[in-house]
Amino acid sequence: RLNLYEQAGIGILRVDLGWRDVEDADGTIHAPLRLRLLQIAARRGFQLMGNFGSFSGPPGWYLLQHPDAEISNQSGLKSYNMLSYWDPELHGVLEKKDALVFDFLSKNGILKSVAYLVVPFGPAGEPIYPVPWTTTAPSHPMRFWFFDVNAQVDFPRSMRAKYGTLELANAAWSSKFATWGEVSIPIPGNSSAGLWSDVLDWYRDSKRKFISWQVAHYQRLIAEYFPQSRAPKLVIQIPGNHLMAFERAQAIVSRDGDDTIKMMSDSEFLLDLAH
């Protein structure tokens, strides 16, 4: 295979290796089969574009032990290819398990060949909410992904921080909530325009906050694991489509949203962040 790549003039290989590939149980490390290919490629002078880390590849044993860490949609479908943006333990888990992955790659001689490092933001590393083909039910329709327990807790807390008083929130939403405890994310199609507008902004901004944190986290990983003279370039993947203003306006009218809204394909934010 590597001979064919060389004959075709290919010198950079995109490779994925994550948490689920190297840890069978908490503290139990094993070498995946693809490690040998990576080591041979490194010895032969190939450069690597690595999608390395823990966010897009949590192992099944961890999800069984921490079901609240899973992101969930309206149908109760879970994604096995990312964790929930709202999990309060998320940052600590990623710092610990990314260190495990990078330690493994360093000890096995892989990092010295890494020229580009993909920052994982979602399923398969993509900066979007899960789409059907990244779940165990690829034929299901697109849904919103704010139905896990931590998302349900975060929304009213975020709205309380935004508005300060319930009176101001009720005025913006044309609602009559008596306590903050009554505030929850509405089922799509069942809310006022004001409330749904806030839901959409919170849904977008939750991913933006994680993306910003994750980029800074990967900059710290580069500083720790690579000498400054050969630090890899960070790669921010851009979705194939972008959320347009008219789609957001239509979503507020319908109190729902099209597939681009549901995955929050936020390309302009990503380009600005990369710049």
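Use the structure listed above.
**Student:** Looking at this structure, how should I read the sheet that holds strand 6 (residues 233-235)?
**Tutor:** Think of a sheet as strands paired side by side through backbone hydrogen bonds, with each pair either parallel or antiparallel. Taken in spatial order, the four strands line up as 1-4-5-6 in an open sheet, and their pairing is parallel. Each end of this open sheet is capped by a strand with a single partner; those strands are strand 1 (12-18) and strand 6. On average, adjacent strands in this sheet sit at an angle of 30° to one another, irrespective of strand direction. Across seven bridges, strand 1 lies against strand 4 (residues 47-53) in parallel orientation. By the bridge assignment for strand 4, Arg14 is matched with Met49. Of the strands in this sheet, strand 1, strand 4 and strand 5 (114-118) are in contact with helix 5 (residues 90-107), which crosses strand 4 at around 150°.

**Student:** Help me out: how do you make sense of the environment of Ile187 in this one?
**Tutor:** Relative to the assigned elements, Ile187 resides in the loop between helix 7 (166-173) and helix 8 (193-225). Ile187 gets classed as partly exposed once you look at its relative accessible area, which sits at 40%. For the pair Ile187 and Phe147, spaced 40 residues apart in sequence, the C-alpha to C-alpha distance is 9.5 Å. Every residue in contact with Ile187, bar those within four places of it in the chain, is listed here: Gln74 and Phe147.

**Student:** What should I look at first to understand the packing of helix 5 against helix 8 in this one?
**Tutor:** In a pair of packed helices, the angle between the axes and the distance between the axes together describe the arrangement. Where helix 5 contacts helix 8, the axes come no closer than 11 Å and their chain directions differ by 35°. Both helix 5 and helix 8 take part in a crossing whose hand is right-handed. Residues Leu90, His91, Leu94, Glu95, Asp98, Ala99, Phe102 and Asp103 of helix 5 pack against Phe210, Trp213, Gln214, His217, Tyr218, Arg220, Leu221 and Tyr225 of helix 8. Taken together, the residues that form the contact of helix 5 with helix 8 break down as nine nonpolar, three polar and four charged.

Reading the values: the criteria
- Residues numbered from 1 in each chain as written.
- Predicted model: local features only at pLDDT ≥ 70, side-chain atom pairs only at ≥ 80, totals over all residues.
- Heavy atoms only, no water.
- Pairing = 2+ DSSP bridges.
- Helix = DSSP H or I, 4+ residues; strand = E, 2+ residues; numbered from the N terminus.
- Axes fitted to C-alpha atoms, helices over the stretch in contact; angles between N-to-C directions.
- Contact = heavy atoms within 4.5 Å.
- Buried < 20%, exposed > 50% of the residue type's maximum accessible area, 1.4 Å probe, protein only.
- Left-handed = near helix turned anticlockwise from the far one by under 90°.
- Nonpolar A, V, L, I, M, F, W, Y, C, P; charged D, E, K, R; others polar.

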